[in-house]
Amino acid sequence: MTGPNHVMLSIEGMSCASCVARVTRGLSRLDGVSDVSVTLADERAQMDLQAPERLEDVVRSLDKLGFPARRASVVLNVASMSCASCVGRVDRVLSALPGVIEVSVNLAAETATVTYLEGAVRPEEMIAAAGKIGYPATLAEPEAAENRGQRKEAEAREIARKALIAAVLALPVFVVEMGGHLVPALHHWIAATIGQQTSWMLQFALTTLVLIGPGRLFYVKGIPALLRGAPDMNSLVAVGTAAAYLYSVVATFLPGLLPASQRAVYFEAASVIVVLILIGRFLEARAKGRTGAAIRKLLGLRPRSARVLRDGEAVEVAIDAIRVGDVLLVRPGERIAVDGEVTEGESHVDESMISGEPLPVAKAAGDAVTGGTVNGQGSFQFRATHVGAETVLAQIIRMVEQAQGAKLPIQGLVDKITLWFVPAVMGAALATVLIWLAFGADLTLALVAGVSVLIIACPCAMGLATPTSIMVGTGRAAELGVLFRKGDALQQLSGVSVVALDKTGTVTAGRPELTDLVLADGFERAEVLALVAAVEARSEHPIAEAVVRAAEAEGVALAEVSQFTSFTGYGVRALIAGREILVGADRLMAREGVEIAPLAGGEARLAAAGRTALYAAVDGRIAAVIAVSDPVKPSSAEAIAALHKMGLQVAMITGDKRETAEAIAREVGIDRVIAGVLPEGKVAALDDLRGEGGQQGGLAFVGDGINDAPALAHADVGIAIGTGTDVAIESADVVLMSGDLRGVVNAVEVSRAVMRNIRQNLFWAFGYNTALIPVAAGVLYPAFGLLLSPMLAAGAMGLSSVFVLSNALRLRRVHPALDERRTSVAGGHLQMAVAE
């Protein structure tokens with residue numbers, strides 16, 4: 001799914017959009033590093049490297065930026081080591097893997113402890129590398145690193161603990177100081193009992209505990225970033241709380257430095273700001289953990305172990321220990337562990353997680369099975385053909401992960417703004433203080449306004465606006481059977497105005513049946529069918545398969561064929577017992593000089609009836625017209641009607657004759673037909689569609705065959721039917737896990753929903769800062785006497801991020817555009833569910 005030098009890393013320490021912008025800018029400046037995409041919501045960076053060696057530069061750059069790549073460790077059991085040279089070879093091969101930082105091989109324990117960069121390399125790749133040089137390896141224990149959801153849950157618990165401690169310490173400070181302002185009697189009581197100075201000293205002690213305890217993290221991360229000249233949101237909080245705290249310390253212990261009218265303390269502001277921001281981060285961490293729910297559910301489809309036949313007996317082994325060629329036993333109701341081919345037994349398998357089809361599929365010897373699908377009542381054995389990262393399920397997970405980490409074009413504007421946002425905010429805060437002092441305001445008012453600007457302008461919401469929507473949206477799309485292989489397709493698909501469809505296998509079922517065999521004078525049906533079927537048996541075209549199936553059904557014996565030649569887009573030619581046989585379209589007959597007039601009328605009538613008609617010639621003489629009918633998929637008309645309701649035009653591009661194509665188009669409601677197109681002509685056909693009528697929107701193309709690959713790559717958005725060829729899937733931007741055209745409708749619906757959600761988030765994030773920074777600076781104070789408290793600013797800042805995350809999580813409830821049975825993740829595996 002990705003290039004050999006595509007790298008995905010987990011990043012530590014990012015807390016706002018300016019962090020993302022700095023990491024993106026720092027990595028993009030490195031030689032040999034391109035297509036950098038950094039996302040805050042999942043704390044990951046993706047990039048393409050010119051060579052694997054560039055990864056060291058990337059890691060060093062991240063360390064210098066203060067956002068190190070997350071490390072993990074794994075222990076492998078390594079067999080067949082007998083001496084120090086074995087240790088050295090294992091050490092070298094593991095150390096050579098891109099992303100491996102440190103390797104420690106222990107000969108006595110027969111283990112290798114590997115420290116590596118999360119995302120850059122997988123334990124499965126380490127196992128494969130050791131196995132290739134003759135040292136079979138297995139996982140000695142589960143990966144030490146928790147998965148992202150568990151990590152976020154643990155992080156949320158830790159933040160909640162800190163917030164609780166901070167709240168307990170800050171509450172007395174808040175009650176004493178703010179309560180004294182709001183309730184004069186309380187103020188007088190405090191003055192008459194412990195006195196104002198003692199009260200301030202108690203507030204100093206409690207606030208100091210808050211700042212050096214739960215609030216310490218803001219200073220540990222924020223101050224170094226500020227000193228590097230790259231302040232982040234932690235820097236804003238650190239500077240804001242420090243300003244309020246230090247001013248209060250001066251007022252408490254060095255009152256002579258301040259005029260009597262300006263001796264006031266803001267310990268409650270410093271402590272409560274820490275509490276409110278920690279609460280906001282707790283809510284963020286919980287919400288972030290939920291954005292990756294789809295990936296965790298997909299991971300849940302993988303069984304932890306399977307029964308492998310060893311020396312004739314079924315042995316329970318870990319999933320990572322299964323190798324290509326192993327024979328596995330599957331019992332009734334069990335989940336299939338890896339991809340493979342049935343060798344013995346029969347059963348029915350629920351493949352709805354892949355195909356979206358609710359009916360179980362019959363499996364017998366020779367049939368392929370897919371890891372993650374569920375066996376029915378039967379029992380069978382199968383040979384593993386793809387394991388680990390090569391299984392279909394692993395590739396699906398990888399596609400979703402990559403799409404979730406993608407950067408959309410709309411994010412470019414956000415990055416440019418947020419890169420300079422924090423420095424600009426710090427400048428605005430300083431300017432606020434200076435302006436108030438210049439206009440004769442006291443230092444207290446100027447300080448409150450400056451601190452409020454610092455606190456309220458943290459760009460967390462900006463950084464979360466786009467990636468959280470992408471993560472939730474692509475995850476939900478996967479649940480609906482739509483995989484976005486390329487992240488920018490998510491944005492481009494929302495803007496398409498024309499959807500072009502391939503015909504065979506896309507609009508139609510792709511399994512034609514022979515309907516007519518019209519003979520020329522002097523030819524017999526059995527003779528012609530035997531000759532044509534013998535030639536077509538060499539072809540893989542669906543029409544050829546229909547002819548062969550008909551011959552088999554009629555018991556016709558197939559003759560020996562020699563000198564078989566296929567002419568792409570025209571037909572085929574072969575020799576049978578010295579006789580030349582041609583089978584193909586009218587253009588093949590014209591090219592070979594075969595007169596088709598005797599059967600041209602019959603061919604035209606068949607084509608007008610929506611059937612695909614081919615000519616057959618024997619020794620240069622027309623022999624028959626063969627007609628096949630490829631039935632339209634039951635859902636095609638419904639899907640095309642839904643696309644029309646979305647305001648989209650629908651076109652069909654096919655190599656069939658115009659009469660046949662237009663008959664199908666009338667049946668399903670297609671607007672525009674481009675027929676008689678050779679495979680290489682589909683790209684030109686797409687250009688024609690773009691040019692017609694000054695088309696303003698984008699163009700999507702849907703196909704499934706090898707000959708659709710160029711068009712899929714050329715379209716603004718290529719959509720591959722998942723039941724099609726690997727080549728088509730690799731060329732596409734979006735993959736539908738089933739062969740149902742309704743998946744196209746759902747893909748467009750999800751795309752539009754995600755883009756709406758992103759625009760809402762960006763409007764809130766930018767609108768919030770645009771509106772409240774001036775308020776925090778005190779523009780309303782001269783006219784209305786309103787000045788935003790730093791505590792309220794902290795609360796508003798936290799709520800802005802929570803709003804953006806909550807809005808993005810609404811995408812989890814996106815329903816298919818059509819009322820159909822759809823794939824959804826439930827109960828630990830992909831099942832069929834009825835849309836509400």
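Sequence positions are assigned chain by chain, starting from 1 and proceeding in written order. Residue-level local features of this predicted model are given only where pLDDT is at least 70; pairs of side-chain atoms are given and counted only at 80 or more, and the full residue set underlies all totals for whole chains, interfaces and linings. Side-chain numbers here rest on the full set of heavy atoms in the structure, without hydrogens or water.

S.K.: Go over the pattern of salt bridges with me, naming the residues and quoting the values.
M.R.: Whenever Lys or Arg places a side-chain nitrogen within 4 Å of a carboxyl oxygen from Asp or Glu, that contact is recorded as a salt bridge. Throughout the structure, instances matching the rule amount to 23 salt bridges. When the shortest N-O distance is used, the salt bridge between Arg-60 and Glu-56 registers 4.0 Å. Remark: Glu-56 and Arg-60 occur in helix H2 (residues 54-65); sequence separation between them is four residues, near one turn of the helix. The residue Asp-326 makes a salt bridge to Arg-310 at a minimum N-O spacing of 3.2 Å. Placement of Asp-326 in the loop between strand E9 (313-318) and strand E10 (327-330) and of Arg-310 in strand E8 (residues 305-310) is noted, with a sequence separation of 16 residues between them. On the basis of relative accessible area, Asp-326 is assigned to the buried category, the value being 14%. Linked through salt bridges whose partners overlap, the residues forming this network are Arg-54, Glu-56, Asp-57 and Arg-60. In DSSP terms, a helix is any run of H or I states spanning at least four residues, a strand is any run of E spanning at least two, and both are numbered starting from the N terminus. Burial classes follow relative accessibility: with a 1.4 Å probe on protein chains only, a residue under 20% of its type's maximum area counts as buried, one over 50% as exposed, and anything between as partly exposed.

S.K.: Explain a positive patch on the surface residue by residue, including any values.
M.R.: A contiguous patch of positive charge on the surface is contributed by Arg-756, Arg-759, Arg-810, Arg-812 and Arg-813. Overall, the relative accessible area of 39% leaves Arg-810 in the partly exposed class. Patch membership requires over 30% relative accessible area and the absence of a salt bridge. Like charges are linked within 9 Å, and nonpolar side chains (Val, Leu, Ile, Met, Phe, Trp, Tyr) within 5 Å. Computed by Shrake-Rupley with a 1.4 Å probe, the accessible areas treat only the displayed protein chains as cover when residues are assessed. Here Asp and Glu are counted as negative and Lys and Arg as positive; His is not counted, and neither are the chain ends. The location of each charge is read from NZ of Lys, CZ of Arg, CG of Asp or CD of Glu.

S.K.: So, the pairing of strand E27 (residues 717-721): which residues are in play, and what are the values?
M.R.: Burial analysis of E27 places five of its five residues in the buried class, the great majority of the element. Of the two faces of E27, the one holding Val-717, Ile-719 and Ile-721 and the one holding Gly-718 and Ala-720 are both buried throughout. We call two strands paired when DSSP finds no fewer than two bridges between them. Of the pairings in the sheet, the one linking strand E26 (residues 698-703) to E27 comprises four bridges and is parallel in character. Across the sheet, the residue bridging to Phe-701 is Gly-718, located in E27. Looking at chain direction, E27 and strand E28 (residues 734-736) are connected through three bridges and run parallel. The residue bridging Ala-720 from the neighbouring strand is Val-735, located in E28.

S.K.: I'd love a proper account of the confidence of the model for the protein, names of residues and values included.
M.R.: For the protein, the average pLDDT comes to 81, and 84% of its residues sit at 70 or higher. As a per-residue measure, pLDDT tells how confident the predictor is, with possible values from 0 to 100. Ranking the helices and strands of the protein by mean pLDDT puts E10 first, with 93, and strand E30 (residues 829-834) last, with 28. Whether two residues are in contact is decided by their heavy atoms, any of which lying within 4.5 Å being enough. In the predicted structure, residues 819-836 sits below a pLDDT of 50 and forms 57 contacts with residues beyond four places in sequence or in another chain.

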